[in-house]
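What follows is the residue order along each chain.
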Amino acid sequence: MQSLKSKYEQQEMKVSEGFWDRLEEKLDQSPAKKEKPNIIWLRYAAAVIFLFGLGGILWMTNNKAEVNGDQQFASQSENEKSIPASVKKSENAEAVKSNPINLILDSDNQKFAVKNEDSLTRFTLNEVETPRMKNSIRKEKLASNQIPEKELIIKKEEPQIVSKPEEQLAHTDIQKPREKVKYVSSSDLLFGVEIDKAKTETPKSAMGINTLKKNDSDFPNPKRIKLFGITLYEKDSITTK
Amino acid sequence: MKQDLQHIFSKAKKNDRLAQKSLFEMFSGKMLSVANSYINNRDDAEDVLMNAFYKAFTKIEDCKNYESFPFWLRKIVVNDAITFVRKNKHVLYAETEFTDAIADQREDVSELSQDIDLEIVFKEMPVGYKLVFNLAVFEEKKHQEIAEILNISEGTSKSQLSKAKKWLQDYFNQQQNTKQNAESEI
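The rules behind each value
Residues numbered from 1 in each chain as written. Chains lettered and ligands numbered in written order. Predicted model: local features only at pLDDT ≥ 70, side-chain atom pairs only at ≥ 80, totals over all residues. Heavy atoms only, no water. Helix = DSSP H or I, 4+ residues; strand = E, 2+ residues; numbered from the N terminus. Buried < 20%, exposed > 50% of the residue type's maximum accessible area, 1.4 Å probe, protein only. Contact = heavy atoms within 4.5 Å. Areas by Shrake-Rupley, 256 points an atom, 1.4 Å probe, with all protein chains shown as cover. Salt bridge = Lys/Arg side-chain N within 4 Å of Asp/Glu carboxyl O. Axes fitted to C-alpha atoms, helices over the stretch in contact; angles between N-to-C directions. Parallel < 35°, antiparallel > 145°, perpendicular 65-115°, else oblique. Left-handed = near helix turned anticlockwise from the far one by under 90°. Nonpolar A, V, L, I, M, F, W, Y, C, P; charged D, E, K, R; others polar. Arc of directions from axis to C-beta. Buried area = accessible area lost by both parts, 1.4 Å probe. Polar contact = N/O pair within 3.5 Å; in protein donor to acceptor, adjacent residues only side chain to side chain.

> Would you take a moment to explain the overall build of chain B for this structure?
For chain B, the count of helices and strands is nine helices and zero strands. N-terminal to C-terminal, the α/β element order of chain B is α-α-α-α-α-α-α-α-α. Here chain B holds 186 residues, and the buried ones make up 46% of them. A fraction of 71% describes how many contacts in chain B between residues 6 or more apart in sequence connect residues 24 or more apart. As displayed, chain B has an accessible area near 10400 Å², and 47% of this comes from carbon and sulfur atoms.

> How should I be thinking about the pattern of salt bridges in this particular structure?
It is possible for side chains bearing opposite charge to pair when their charged atoms get close. Residues and elements named next belong to chain B. Counted by the stated rule, this structure contains six salt bridges over all chains. Notably, a salt bridge pairs glutamate 46 with arginine 42, separated by 3.8 Å at the nearest N-O pair. Taken together, the residues glutamate 46 and arginine 42, both in helix H3 (residues 42-58) and four residues apart, mark about one turn of the helix. Residue glutamate 46 is classed as buried on the basis of its relative accessible area, which comes to 5%. Put simply, aspartate 170 and lysine 166 hold a salt bridge, and the shortest N to O gap is 3.6 Å.

> Just checking my understanding: could you explain the packing of helix H2 (residues 17-39) of chain B against H3(B) for this structure?
A pair of packed helices is characterised by two quantities: the angle between their axes and the separation of those axes. All names here are of chain B. It is at 9 Å that the axes of H2 and H3 come closest, and there the two elements cross at 135°. Here H2 is positioned oblique relative to H3, judged by the angle of their axes. The element H2 and its partner H3 pack so that their crossing is right-handed. The residues of H3 that touch H2, namely those facing Gln20, Leu23, Phe24, Phe27, Ser28, Met31, Leu32, Ala35, Asn36 and Ile39, are Arg42, Asp44, Ala45, Glu46, Val48, Leu49, Phe53 and Phe57. Each residue belonging to the contact of H2 with H3 can be placed in one class, and the counts come to 12 nonpolar, three polar and three charged.

> Just checking my understanding: could you explain helix H1 (residues 2-10) of chain A for this structure?
Note: α-helices contain 3.6 residues per turn, so residues at a spacing of three or four share the same orientation. Residues and elements named next belong to chain A. Every buried residue of H1 is listed here: Leu4, Lys5 and Tyr8. Down the axis, H1 shows its buried residues gathered within 100° of arc, on one side only. Of the exposed residues in H1, the ones pointing more than 90 degrees away from its buried face are Gln2 and Gln10.

> Explain the interface of chain A and chain B to me, please; I cannot follow it from the model alone.
Much of the literature gives interface size as the accessible area that the parts lose upon coming together. Each partner contributes residues to the interface: chain A has 25 residues there, and chain B has 39 residues. Both sides of the chain A and chain B interface together cover about 3200 Å² of buried area, and 62% of this is carbon and sulfur. For the chain A face of the interface with chain B, the top three residues by lost area are Met1(A), Tyr8(A) and Met13(A), together amounting to 27%. On inspection of chain A and its partner chain B, the count reaches three residue pairs in polar contact (both at pLDDT 80 or more). Element by element, the count of residues in the side of chain A that touches chain B is highest for helix H2 (residues 19-29) of chain A, at eight residues. Per-class residue counts for the side of chain A that touches chain B are nine nonpolar, five polar and 11 charged.

Right, here's the structure in full:
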């Protein structure tokens, strides 16, 4: 057996010509198979990108809503900022003032304005705590306290300050959905009249609504009742009397 | 030689075409004869060899050591050859119970002849005998392994091997007789 085996191991056969070329051709086609996992990988990548995109869009929409809220607040705070500047101007132009009647009126308006400002500043103090804002608020307070003492205000700036609450009110009015006025149509009215007519023409007993109830009910139906010394009469009994 | 193989093998792992070609040139002759010993048809053996080399080069990552590459490649060739034979030729195994006595008788029979043309033997030998004989003698497989590879019982494997040996003995005797007859005639 060993001799057979050694013979077998020594045996070799020559491969036909062009065998390697065919094998090489086959091997060159093999990379096509390797593309499959790549496609799968691309699918996963696409899914991940899609999810990120979706998340991004949702996040952006949420942010937009928040930003809108912030912008409303920011517009308010900007108006506030404009106030101290105007007040400063008034301080600088103290000597220009002349009309005493206007001064009194203006001082009243200013008080009103200051109240508004206080309410707003409280709001800002709660919401925003940037040092810059705080400074502006302090300036406001100082300026508004000084003004009634000095009784000196410029007319020009007043409308700006006073108009603010009015604007806000108007704005809020628009936002409220208006209730629609309901009008009764002619056909509905006529139909109602018809029902009333039917009710008056046909007695209740004929319609068979109240007859059964009256017969069956064991509940006492007195014409008058005494409660705490006061007698109460039934409506019909009074009219008959 | 070993260093060469190591170098070529490492290059072939990186899908180097030249290294693959040199590996092919190294082993194609031997592997073709192995495949042919099972299939007995040069063209079919070449087809099987082509697929085996293709498998080996595309899955060369599975073969970790360069020293085991020849055996690994041979295993692929043998497996492919067997599957080819099983697909294309209906192999019938006579399910006879094996007795050790018969095997002992046949053990040293084939030692008699030294001048055997293996190619003719493989051509003449029945397919059922040949598969078991090849696996048992040349691939040095145990009967249990052969039974698993060929999907037959271990007893069948043993009986097929003993029958193959008997067939071989008869074949040699026949050849010797014809030789003697020829000599006497001269």
